[in-house]
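Report on the structure
Residues per chain, in single letters:
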Amino acid sequence: MTEPVPSKYWRWLAWLWLAVVLAVGVHQLRFWSGNPLESDILALLPQDSRDPQLEQATRRIADAGARQMVVLLGAADAAQARVAMQAYRHSLQVQARQQVLPFAEDARMQDWFAAARRFYLPWRDHLLTTAQRLRLQHQAPDALAEDALAALYGPMAAPRMADWRADPLNLWTGWWQERAGAAGLRFDADGLLHADQQVWAVLQLQTRGSAFRLDGQRVIDAALDTAAAAARKAVPGVQELRAGVPLHAEAAAVQASNEVNVIGWGSLAAVLLLVWLAFRSLRPILLVALSLLIGVAAALSATALLFGKVHLLTMVFGASLIGVAEDYGIHWFASWQGHPQLPRLRLLRSLLPGMVLAWLTSALAYLALGLAPFPGLRQMAVFSVTGLAASFITVVCWFPWLQQTPPPPTRLSAAIGGALRRWPQAAANTRWYAMTVLAAVIVIGGLWQLRVDDDLRTLQSSPKTLIQQQIAISQLLGLPSPAQFYLVRAPDVPTLLQREQALTTRLSALAAQDRIRGYRAISDWLPAPQQQQADAALSARVETQVLARVAAATGEPLQRPAFHAGTLRLQDWLDAPASAPFRQLWLGRLGDGVGSVVLVDMAGKHDVLSLLDSTANGLPGVRWVNRTAEYSSLLRHYRHLMTWLLLAGVLLVAAALWWRYRGDAWRALLPTVLAGVLSVAMLGWLGMPLQLFNVLALLLLVGMGVDYGIFLLEHRGDASAWLAICVGAASTWLSFGLLGLSATPALRAFGVTLLFGIGLVWLLSPMFRPPRMPPAPPPTLLSPSDPAQDVTA
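Because the structure is predicted, anything quoted here is derived from the model rather than measured.

A separate point is the overall build of the protein chain. Helices and strands together make up the secondary structure of the protein chain, namely 28 helices and 12 strands. Going through the 793 residues of the protein chain one by one, you find that 53% of them count as buried. In the protein chain, once contacts between residues fewer than 6 apart in sequence are set aside, the share between residues at least 24 apart is 84%. Taken as a whole, the protein chain presents about 35,200 Å² of accessible surface, with 63% of it coming from carbon and sulfur.

Right, dumping it as structure tokens:
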């Protein structure tokens, strides 16, 4: 008998989908010819819509340091440190001639002290410390004159940074010493740092482009390794430390690239192997691979068109999509293998209701990820839904055309199909009561031990050695953490500097009590205009008196040199090399005014966080910001929100299942609910915390897990449906199992939760399957003249 095949409508759908696939192919050629990948980890974090100015300030702080790197070389003495640095620099210069390095030495920081000294010298009289100001206001001119004479003729005079006539009281040296101490700039005249019984040479580097525009290759780290080897060859035993956002970004990009390869190719190999074992035919393998390829390509194109860039972690997460998207193709081949007598289109029509409902529940689960205000998660949601849809449409539109004969039965398919008949079913007897009690003990015990941890720091995935070096450099250089700072806002620049000075007065008191090690503020290097004018007037009055008394004592005419009459302006300071280490503190326009940040060096004393918070009390326009705590609070808030959404999703799925299956709807939903509860309990038994990403994984479990129950309800007792479920579940389980190996904590939380969840749903779903329906009579083929009939290909 000639087999009926698709109607003209199906033929048009197939050609239409081919046109779409060709368009996706053209876009993919353009996509990969550019720089399409993004690795900015901040894209994963939620945005705080309650204070957009704070978000703007945080982004500017992050952007300011995004391209900076610092290298420290420690040796026994200054000579060895200089030799090591010369060898290090020479190695980088040689490598730069051999290949284009993505970074270079930051010219702004070369000879910074000399440049800053030249810049500030004409404004010397405008710059006084609080102690100097009090001294000039209250100490008698005669006593000050005696101090000036002693500094002029005394054999033990203190070192000075200006000519005696220009600075008879040596005020400028004291100002520099206080600035350097507060900012953690503890260098000698040669720019070397003396700390931890070693002498450290410091090299500032800067990437040419964004630190997050990386291609997954280990370029920066390899170049620095080569330079460090050259330094150790020149000075054996030299110690190298390196830190900077580009190093963390490159490590994340390399890690993500490796995981895409491992998870993606591992998932694909597992899926194709399972398809081969189930169908023992090359064409099912090729067609399933084709549906996956089209799904991933369409997902990439849709994500790139909507977001402009595709995040590397989206690629890693999307690699696990392979284990889900192949379900539709496997379900088609398994059903055709079990019912070879059915025409292809009629078989597909019988499968469509269950497949559509399965795709819909999975798509809704993935779309639920997009409800969280995480740009990275929204990318993952779009990527996953588009990929699933493209794979599903490929199966529906093309598989009936591209596969002419049903796959032959295999031993694996026969064994799996026969296993369904032997699979235990839930019943009201002693054995099932005992299993229920055991499951209750596991759940209660696991939930009792379960802990919740929303700390943002648990999502850190940088290599430990890199984090340790970052901490060591921060301690040596006194670098404050950009995660905690004071945000200062004002309507104009003079008011802003005044508010900063009111804050730094309190911070100086904390530093004197050893509660903090120091701070960095613009107003320390650029006083408010009113303060500059007052200090200039005070210096001129007192120094003129001192010079007059010294001139009378020595008999030599002494006249104070002229200084700048105006005030040092912000823009002049920003344009000068002197501002290079502190330029990132200036935020510029912020809302209707201007803003800046004051960074605090807590020296690891996190117990002072509450004290720093209270320090801002009563200061207008000043706010203490702890971004780590605030992000953690946001993670907790959205964990609660997504938990309620999870419960709402379960109710919606239950309603959809009841609409189609009525009294049997619980058979599709209960295994997924039990699997979710048991998965959370297993986290408790394993000592793993419950986080937002575990809850998001449970959302996916609801969408994917009910598919198994749906197929068992749609095809009651059908061994081919059970074969499709087993092969699909195995591939999904392997895909998310590989995701559980990710070094990225968020992805690992997804993977581990779904590793338990998918496995448990697969075990539990057949236990609640409905009774087998009585065998139906063989289908009667319609005559070729029937318009609803398939026509010959």
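Considering the arrangement of structural elements, one finds His715 in the loop between helix 26 (692–714) and helix 27 (719–739). With relative accessibility at 12%, the residue His715 sits in the buried group. The contacts of His715, once residues within four sequence positions are left out, are His331, Ser350, Leu351 and Ala721.

Another aspect to go through is the pattern of salt bridges. Taken as a whole and assessed by the stated rule, the structure comprises 21 salt bridges. For Arg660, the salt bridge goes to Glu714, with nearest N and O atoms at 2.4 Å. Pair noted here: Arg660 is in helix 24 (residues 627–661) and Glu714 is in helix 26, with a separation of 54 residues, a long-range link. As a salt-bridge pair, Asp664 and Arg667 come within 3.2 Å of each other at their nearest N and O atoms. The same class applies to Asp664 and to Arg667, which are both buried.

Moving on, we come to the packing of helix 24 against helix 25 (residues 665–686). Put simply, helix 24 and helix 25 touch, their axes get as near as 8 Å, and they point 155° apart. With respect to helix 25, the element helix 24 is oriented roughly antiparallel. Taken as a pair, helix 24 and helix 25 cross one another with a handedness that is right-handed. Contact with helix 24, carried on its side by Val650, Val653, Ala654, Leu657, Trp658 and Tyr661, involves Ala665, Ala668, Leu669 and Val673 of helix 25 and no other residues of that element. Class assignment for the residues of the contact of helix 24 with helix 25 results in 10 nonpolar, no polar and no charged.

Bridge count between strand 2 (residues 68–75) and strand 5 (residues 198–207): eight bridges; the pairing is antiparallel. The partner of Gln68 across the bridge, within strand 5, is Gln206. As paired elements, strand 3 (residues 103–105) and strand 5 share three bridges and run antiparallel to each other. Opposite Glu105, over in strand 5, you have Leu205 as the bridge partner. Relative to strand 5, strand 4 (residues 193–195) runs antiparallel, the two being bridged by three bridges. Across the sheet, Leu193 pairs through a bridge with Trp200, a residue of strand 5.

What follows is about helix 21 (residues 529–554). For helix 21, built from 26 residues, the straight-helix expectation of 38 Å at 1.5 Å per residue is met to within 8% by its first-to-last C-alpha distance of 37 Å. All of the buried residues in helix 21 are Gln532, Asp535, Ala536, Leu538, Ser539, Val542, Glu543, Val546, Leu547, Val550 and Ala551.

Relative to the 16 Å expected for 12 residues at 1.5 Å per residue, helix 13 (residues 327–338) spans 16 Å between its end C-alpha atoms, a close match to the ideal helical length. Counting buried positions along helix 13 yields 11 of 12 residues, so the element is predominantly enclosed. Taken together, the buried positions of helix 13 are occupied by Asp327, Tyr328, Gly329, Ile330, His331, Trp332, Phe333, Ala334, Ser335, Trp336 and Gln337.

Residues with a pLDDT of 70 or more make up 88% of the protein chain, whose mean pLDDT is 82. Of all helices and strands in the protein chain, the one with the weakest mean pLDDT is strand 1 (residues 37–38) (68), whereas helix 25 scores best (93).

What follows concerns the environment of Ala472. Within the secondary structure layout, Ala472 lies in helix 18 (residues 464–477). When the C-alpha positions of Ala472 and Arg242 are compared, they lie 9.2 Å apart, and in sequence the two are 230 residues distant.

Right, let's get into the packing of aromatic side chains. Counted under the stated rule, the structure contains 20 aromatic pairs. On the numbers, 6.4 Å between centres and 20° between planes, the contact of Trp359 with Phe392 is stacked. Taken together, the residues Trp359 in helix 14 (residues 344–369) and Phe392 in helix 15 (residues 375–402) connect sequence positions 33 residues apart. On the basis of relative accessible area, Trp359 is assigned to the partly exposed category, the value being 22%.

Counting 102 residues, the largest nonpolar core has Trp332, Leu657, Phe693 and Trp722 as the members making the most contacts within it. In terms of residues, this core owes the most to one element, helix 26, which gives 17 residues. Those residues in contact with Leu657 that sit more than four places away from it in its chain are Leu357, Arg662, Ala665, Ala668, Leu669 and Ile710. Leu127, Leu497, Phe582 and Val597 belong to the second-largest nonpolar core, a separate cluster that totals 35 residues.

Below, the discussion takes up unusual backbone geometry. Here the phi dihedral of Arg280 falls at roughly 50°; this positive angle occurs in a residue that is not glycine. Residue position: Arg280 is located in the loop between helix 9 (245–279) and helix 10 (282–307). Here Arg280 falls in the partly exposed class, since its relative accessible area comes to 46%. Positive phi, normally seen in glycine, also occurs at Arg662, with a value near 55°. Tracing the backbone through its elements, the reader meets Arg662 in the loop between helix 24 and helix 25. For Arg662, a relative accessible area of 43% corresponds to the partly exposed category.

Right, let's talk about the side chain of Gln484 for a bit. With respect to the helices and strands, Gln484 occurs in strand 8 (residues 484–490). Polar side-chain contacts of Gln484 include one of 3.1 Å to the side chain of Asn626.

Contact geometry of helix 26 with helix 27 gives a least axis separation of 10 Å together with a crossing angle of 170°. As far as their axial angle goes, helix 27 and helix 26 are roughly antiparallel. Contacts from Met704, Tyr708, Phe711 and Leu712 of helix 26 reach helix 27 at Ala721, Trp722, Ile725, Gly728, Ala729, Thr732 and Phe736. Its residues placed into classes, the contact of helix 26 with helix 27 shows nine nonpolar, two polar and no charged.

Rules and cut-offs
- Residues numbered from 1 in each chain as written.
- Predicted model: local features only at pLDDT ≥ 70, side-chain atom pairs only at ≥ 80, totals over all residues.
- Heavy atoms only, no water.
- Helix = DSSP H or I, 4+ residues; strand = E, 2+ residues; numbered from the N terminus.
- Buried < 20%, exposed > 50% of the residue type's maximum accessible area, 1.4 Å probe, protein only.
- Contact = heavy atoms within 4.5 Å.
- Areas by Shrake-Rupley, 256 points an atom, 1.4 Å probe, with all protein chains shown as cover.
- Salt bridge = Lys/Arg side-chain N within 4 Å of Asp/Glu carboxyl O.
- Axes fitted to C-alpha atoms, helices over the stretch in contact; angles between N-to-C directions.
- Parallel < 35°, antiparallel > 145°, perpendicular 65-115°, else oblique.
- Left-handed = near helix turned anticlockwise from the far one by under 90°.
- Nonpolar A, V, L, I, M, F, W, Y, C, P; charged D, E, K, R; others polar.
- Pairing = 2+ DSSP bridges.
- Expected span 1.5 Å × (residues − 1).
- pLDDT = per-residue confidence, 0-100.
- Phe/Tyr/Trp six-rings, centres within 6.5 Å; stacked < 30°, edge-to-face > 60°.
- Core = buried A, V, L, I, M, F, W, Y, C linked by side-chain atoms within 4.5 Å.
- Polar contact = N/O pair within 3.5 Å; in protein donor to acceptor, adjacent residues only side chain to side chain.

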